[in-house]
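What the coordinates show
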Amino acid sequence: MLDKVIINKLECFGKHGVFKEENVLGQKFVVSAEMLVSRSSNDDLATSVNYSEVSLFIDNIVRNKVFKLIETLAENIAEGILKNFNVHEVTVKVEKPWAPVGLPLDSASVEIHRKWSKSYISFGSNMGEKSEYISNAIESIKANENIRVNKVSDIIVTKPYGGVEQDDFLNGCMEIETLYFPEQLLHFLQSLEQEAKRVRKVHWGPRTLDLDIVLYEDEIINTEELTVPHIDMENRYFVLKPLSDIAPYAMHPIFHKSAIQMYKELEK
């Protein structure tokens with residue numbers, strides 16, 4: 001259960017805008033933040049979020065950074081709140097009362113919503129120092145400030161999938177929360193594969209490191225770059241076994257079946 005903590009119309013001074021005069025003289029900005037936090041079971045501030053500290057944090061960003069766009073300002077505020085406070089989701093509104101539009105107006109504004117999104121990442125290796133490739137990837141993911149690693153499955157040994165003759169795989173799965181959008185997460189994972197010198201020559205062929213987005217919230221994505229849920233995951237033991245171990249009730253948004261349901265069906 002989540003509670004809502006609201007900072008409404010905090011007045012700050014900053015130097016944001018596309019015109020040089022705005023960056024030099026500055027003007028007033030009005031910021032509101034609506035934060036979803038874990039429900040507090042007692043009267044202890046440590047279990048909630050200190051709106052005084054958040055207000056000072058917002059004021060510091062508005063006052064000491066310079067952006068051309070209030071969209072960028074809002075993005076920095078939202079990202080900072082999520083990274084520095086015990087907040088699951090945040091909606092940030094930035095108003096610019098003295099926006100230089102040459103016409104009467106109350107204010108120009110932008111409103112954005114950002115959150116920690118839950119995703120499941122399948123990992124595997126069947127070339128060289130398999131355990132080392134996997135361990136290095138997990139540590140790099142943990143070190144990324146835009147990702148929180150909640151759970152990592154045990155590593156299992158699996159036979160190759162797809163009919164290509166090659167060595168057995170080491171496979172596993174992790175549950176993460178991330179500030180990345182799906183495509184951003186994909187690009188980060190691909191950069192780790194490149195660091196491991198993965199070569200994509202043979203479809204379903206051997207690889208030093210394989211990192212796949214299995215699920216991302218309840219989203220269904222089908223682009224040239226990315227398909228989520230992961231293609232054919234309902235028939236892949238190396239995906240379903242570790243996934244069902246750490247998140248048995250993670251739901252497939254198309255089949256509306258849990259990981260443990262799909263795993264048991266595959267076993268039969």
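The structure we're discussing is the one just above.
The sections below set out a description of the structure shown in this document. Within every chain, residues take consecutive numbers counted from 1 along the sequence as written. Thresholds applied to this predicted model are a pLDDT of at least 70 for local features of residues and 80 or more for the giving and counting of side-chain atom pairs; totals over whole chains, interfaces and linings are not thresholded and use all residues. Values shown for side chains rest on all heavy atoms present in the structure; no hydrogens or waters enter the calculation.

Some details on the packing of helix H2 (residues 51–64) against helix H3 (residues 70–84)
Note on geometry: axes are C-alpha line fits, over the in-contact stretch for helices, and angles between N-to-C directions span 0 to 180 degrees. A run of DSSP states H or I qualifies as a helix once it reaches four residues; a run of E qualifies as a strand once it reaches two. Both are numbered from the N-terminal end. Interaxial distance between H2 and H3 falls to 10 Å at its minimum, and their mutual angle equals 145°. Judged by the twist between their axes, the crossing of H2 over H3 is right-handed. Across the interface between the two elements, Val 54, Phe 57, Ile 58, Ile 61 and Val 62 of H2 pack against Leu 73, Asn 76, Ile 77, Gly 80, Ile 81 and Asn 84 of H3. Side-chain classes are defined by residue name, with Ala, Val, Leu, Ile, Met, Phe, Trp, Tyr, Cys and Pro counting as nonpolar, Asp, Glu, Lys and Arg as charged, and the others, Gly among them, as polar. Looking at the contact of H2 with H3 residue by residue, the classes come out as eight nonpolar, three polar and no charged. Take the far helix as your reference; a near helix turned counterclockwise from it by less than a right angle gives a left-handed crossing, and one turned clockwise gives a right-handed crossing. Whether two residues are in contact is decided by their heavy atoms: any pair within 4.5 Å suffices.

Observations regarding the packing of aromatic side chains
Pairs were defined over the aromatic rings of Phe, Tyr and Trp, the Trp ring being its six-membered one, requiring ring centres within 6.5 Å. Orientation was assigned from the angle between planes: stacked under 30 degrees, edge-to-face over 60, tilted for the rest. For the coordinates displayed, the defined rule picks out three aromatic pairs. Taking the centre distance of 6.0 Å and the plane angle of 35° together, the rings of Tyr 180 and Phe 188 count as tilted. Only protein chains enter the calculation, and the probe is 1.4 Å; a residue is then buried if its accessible area is under 20% of its type maximum, exposed if over 50%, and partly exposed in between. For Phe 188, a relative accessible area of 14% corresponds to the buried category. Centre to centre, the rings of Tyr 237 and Tyr 263 are 6.1 Å apart; their planes meet at 45°, and the pair counts as tilted.

Brief notes about helix H5 (residues 182–195)
One less than the number of residues in a helix, times 1.5 Å, gives the span that helix is expected to have. Spanning 14 residues, H5 covers 20 Å between terminal C-alpha atoms, matching the ideal 20 Å at 1.5 Å per step. Among the residues making up H5, those that are buried are Pro 182, Leu 185, Leu 186, Phe 188, Leu 189, Leu 192 and Glu 193. Looking straight down H5, one finds that the buried residues subtend no more than 165° of arc, so they occupy a single side. What points out from H5, more than 90 degrees from its buried face, is the exposed set Gln 194 and Glu 195. For H5, the secondary structure elements touched by its buried residues are strand S5 (117–125), helix H4 (130–143), strand S6 (147–152), strand S8 (169–178), strand S9 (210–216) and strand S10 (221–222). One or two steps after H5, the chain reaches Lys 197, where phi turns positive at roughly 60°. The directions from the helix axis to the C-beta atoms are what the arc is built from.

So, a nonpolar patch on the surface
Grouping into patches uses exposed residues only, defined as over 30% relative accessible area, and leaves out salt-bridged ones; the cut-off is 9 Å for like charges and 5 Å for nonpolar side chains (Val, Leu, Ile, Met, Phe, Trp, Tyr). Under the convention used here, a 1.4 Å probe and the Shrake-Rupley method define accessible areas, while residue burial counts only the protein chains that appear. Criterion for a salt bridge: a side-chain nitrogen of Lys or Arg within 4 Å of a carboxyl oxygen of Asp or Glu. A cluster of nonpolar residues, Val 18, Phe 19 and Leu 69, forms a patch on the protein surface that exposes about 280 Å² of accessible area. Tracing the sequence through the fold places Phe 19 in the loop between strand S1 (2–14) and helix H1 (20–25). Overall, the relative accessible area of 44% leaves Phe 19 in the partly exposed class.

Brief notes about the pairing of S9
Within S9, seven of the seven residues are buried, which leaves it mostly tucked inside the rest of the structure. The pairing of S5 with S9 spans six bridges and is antiparallel. Pairing of Gly 124 across the sheet is with Asp 210, part of S9. Between any two strands, at least two bridges found by DSSP are needed for them to pair.

Here we look at the sheet that holds S1
Sheet architecture is open: four strands sit in the order S1-S2-S3-S4, paired in antiparallel fashion. Where the open sheet ends on each side, the last strands, each with one partner, are S1 and strand S4 (108–115). In this sheet, adjacent strand axes meet at a mean angle of 15° when their direction is disregarded. With eight bridges joining them, strand S3 (residues 89–96) and S4 adopt antiparallel strand pairing. By the bridge assignment, Lys 93 is partnered in S4 with Glu 111. Across the sheet, H2 lies against S1 and strand S2 (27–38), angled at about 35° from S1, the strand it touches most.

Here's the deal with the side chain of Ser 153
Secondary-structure assignment places Ser 153 in the loop between S6 and strand S7 (156–158). Classification of Ser 153 as buried rests on a relative accessible area of 8%.

A few points about the side chain of Asp 212
Locating Asp 212 in the fold gives a position in strand S9. As used throughout, the charge tally considers Lys and Arg to be positive and Asp and Glu to be negative, leaving His and the chain termini uncounted. It is Arg 207 that comes nearest to the buried, bridge-free Asp 212 among opposite-charge side chains, at 5.6 Å. Discounting residues that sit within four places of it in the chain, Asp 212 has contacts with Tyr 120, Ile 121, Ser 122 and His 230.

Examining the pattern of salt bridges
Inspection of every chain in the model, using the stated rule, returns 14 salt bridges. Across the salt bridge formed by Glu 75 and Arg 114, the nearest N and O atoms sit 2.8 Å from each other. Here the residue Glu 75 occupies a position in helix H3, and Arg 114 occupies one in strand S4, the gap between them amounting to 39 residues. When its relative accessible area of 28% is taken as the criterion, Glu 75 is described as partly exposed.

A look at the packing of helix H6 (residues 237–246) against helix H7 (residues 259–267)
Running from N to C, H6 and H7 cross one another at 135°; their axes reach a closest spacing of 9 Å. Considering their axes alone, H6 and H7 lie oblique with respect to each other. When the axes of H6 and H7 are compared, the crossing they make is left-handed. For the pair formed by H6 and H7, the contact residues are Tyr 237, Leu 240, Lys 241, Leu 243 and Ser 244 on the first element and Ala 259, Ile 260, Met 262, Tyr 263 and Leu 266 on the second. Looking at side-chain class alone, the contact of H6 with H7 contains eight nonpolar, one polar and one charged residues. For classification, angles of less than 35 degrees are called roughly parallel, those exceeding 145 degrees roughly antiparallel, those between 65 and 115 degrees roughly perpendicular, and all remaining angles oblique.

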